[in-house]
Amino acid sequence: MLEVNNLNIKLKAFKLSMHFDVNPETITAVIGPSGAGKSTLLDAISGFTNVESGTISWKQQQLNNLAPSQRPITIVFQDYNLFPHLNVYQNVALGLTTKISYQPKFNDQINEALLRVDLKEDVEKFPSQLSGGQKGRVALARALVRNKKLLLLDEPFAALGPALREEMLNLVKDISIKNKLTVLIVSHNPKELIGVCKDAIIVAENKASGPHDLANLLKKPPKSLKDYL
């Protein structure tokens, strides 16, 4: 279980208090108004933002004092962080090594991840030759090769059209089940997460809380979420 216990963050004038648990091998939505702190929440869990107080634990191991690279976490950002001068295979390999010469030793892991996201035929292509959906698949493949059990997705499909977003969300669901991942996914459109996520964390009014049943939450949202929706 991921436990975020009375965690407090202060960034200049911005404050965020968080208290929630996330069950293992689930996909949980992170929803709330723009600027409420959804990305900050993911940054804190992954170790990219310092916290003032409170604890973050995964399976009873406290993560607070661990560097981002030492945490059992992979985060995928909205812009995917693909390197334009590297092809698909090389971009995925960066999840394992920064040295091109070492990449062949990881062939099996890289090819398995590419197969999972249906990119096996596109390994020689560069990011400029890929569609938005394909770029998202590369980012997911790179996350898979890292073999971390916590996957944080910071609106990675926001720039895609509705049909392609649905396709990518179903891919995330399929991958999370097959790899027994625990997933947190930020979205500005929580309705599209019905069928993918059962629970949601609400980030609003300087607080993050949950989990709440997503379907019931959308039927009877609190005022802060209702105003946003």
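Everything discussed here concerns the structure shown above.
About the thresholds
- Residues numbered from 1 in each chain as written.
- Predicted model: local features only at pLDDT ≥ 70, side-chain atom pairs only at ≥ 80, totals over all residues.
- Heavy atoms only, no water.
- Core = buried A, V, L, I, M, F, W, Y, C linked by side-chain atoms within 4.5 Å.
- Buried < 20%, exposed > 50% of the residue type's maximum accessible area, 1.4 Å probe, protein only.
- Helix = DSSP H or I, 4+ residues; strand = E, 2+ residues; numbered from the N terminus.
- Contact = heavy atoms within 4.5 Å.
- Pairing = 2+ DSSP bridges.
- 1 Å grid on protein atoms, 1.4 Å probe; cavity = no way out; pocket = protein on both sides within 12 Å on 5 of 7 lines; lining within 4 Å.
- Points joined across faces, edges and corners; volume = space filled by probe spheres on them.
- Nonpolar A, V, L, I, M, F, W, Y, C, P; charged D, E, K, R; others polar.
- Salt bridge = Lys/Arg side-chain N within 4 Å of Asp/Glu carboxyl O.
- Axes fitted to C-alpha atoms, helices over the stretch in contact; angles between N-to-C directions.
- Parallel < 35°, antiparallel > 145°, perpendicular 65-115°, else oblique.
- Left-handed = near helix turned anticlockwise from the far one by under 90°.

Asker: I tried to follow the nonpolar core on my own but got confused; where do I start?
Answerer: Nonpolar side chains tend toward joint burial in soluble globular proteins. Among the nonpolar cores identified, the biggest contains 47 residues, and Leu114, Val117, Leu140, Leu153, Phe157 and Cys197 are the most heavily contacted of them. Per-element accounting of this core gives the leading share, 7 residues, to helix H4 (residues 132-145). In this structure Val117 touches Arg137, Leu140, Ala141, Leu144, Leu171 and Ile175, once residues within four positions along its chain are discounted. Ranked by size, the runner-up nonpolar core spans 26 residues in total, among them Val22, Leu150, Ile201 and Val203.

Asker: Before we go on, may I ask you to explain the sheet that holds strand E1 (residues 2-11) in this structure?
Answerer: Within a sheet, neighbouring strands are paired by backbone hydrogen bonds and run either parallel or antiparallel to one another. Reading across from one edge, E5-E4-E1-E2-E10-E9-E3-E8-E7-E6 is the order of the 10 strands in this open sheet, with mixed pairing throughout. At either margin of the open sheet sits one strand with a lone partner, and together these are strand E5 (61-62) and strand E6 (73-76). Sheet topology places strand E9 (residues 199-204) next to strand E10 (residues 207-213); 5 bridges connect them, and they run antiparallel. Opposite Asp199, over in E10, you have Asp213 as the bridge partner.

Asker: So what exactly am I meant to see when it comes to the layout of surface pockets here?
Answerer: Regions of empty space are outlined by a rolling probe, equal in size to a water molecule, passed over the atoms. By volume, the largest pocket is sized at about 390 Å³. Along its surface, the largest pocket is lined by 18 residues, and Thr74, Ile75, Phe77, Arg142 and Arg146 are the ones closest to its centre. Contributions of two or more residues to the lining of the largest pocket are made by E6 and H4. Residue composition of the lining of the largest pocket, grouped by class: 11 nonpolar, 5 polar and 2 charged. Each pocket or cavity is described by its volume, and for the second largest pocket that value is around 240 Å³. Along its surface, the second largest pocket is lined by 16 residues, and Ala143, Leu144, Val145, Asn147 and Asn179 are the ones closest to its centre. Of all the secondary structure elements, the ones that give two or more residues to the lining of the second largest pocket are helix H3 (107-116), H4 and helix H5 (162-179). Of the residues belonging to the lining of the second largest pocket, the class tally is 8 nonpolar, 4 polar and 4 charged.

Asker: Where do I start with the pattern of salt bridges in this structure?
Answerer: Summed over the entire model, instances satisfying the criterion amount to 7 salt bridges. With its nearest N and O atoms 3.0 Å apart, the salt bridge here joins Asp122 to Lys125. For Lys198, the salt bridge is made with Asp199, and the minimal N-O distance between the two is 3.7 Å.

Asker: Is there a simple way to think about the packing of H4 against H5 in this case?
Answerer: A pair of packed helices is characterised by two quantities: the angle between their axes and the separation of those axes. Closest axis-to-axis distance for the H4/H5 pair is 11 Å, and the angle between their directions is 15 degrees. It follows from the interaxial angle that H4 and H5 lie roughly parallel. As H4 packs across H5, the resulting crossing turns out to be right-handed. Contact residues: H4 offers Gly133, Gly136, Arg137, Leu140 and Leu144, while H5 offers Leu164, Glu167, Met168, Leu171, Val172, Ile175 and Asn179. Within the contact of H4 with H5, the residues separate by chemical class into 7 nonpolar, 3 polar and 2 charged.

Keep in mind these values describe shape, not function.
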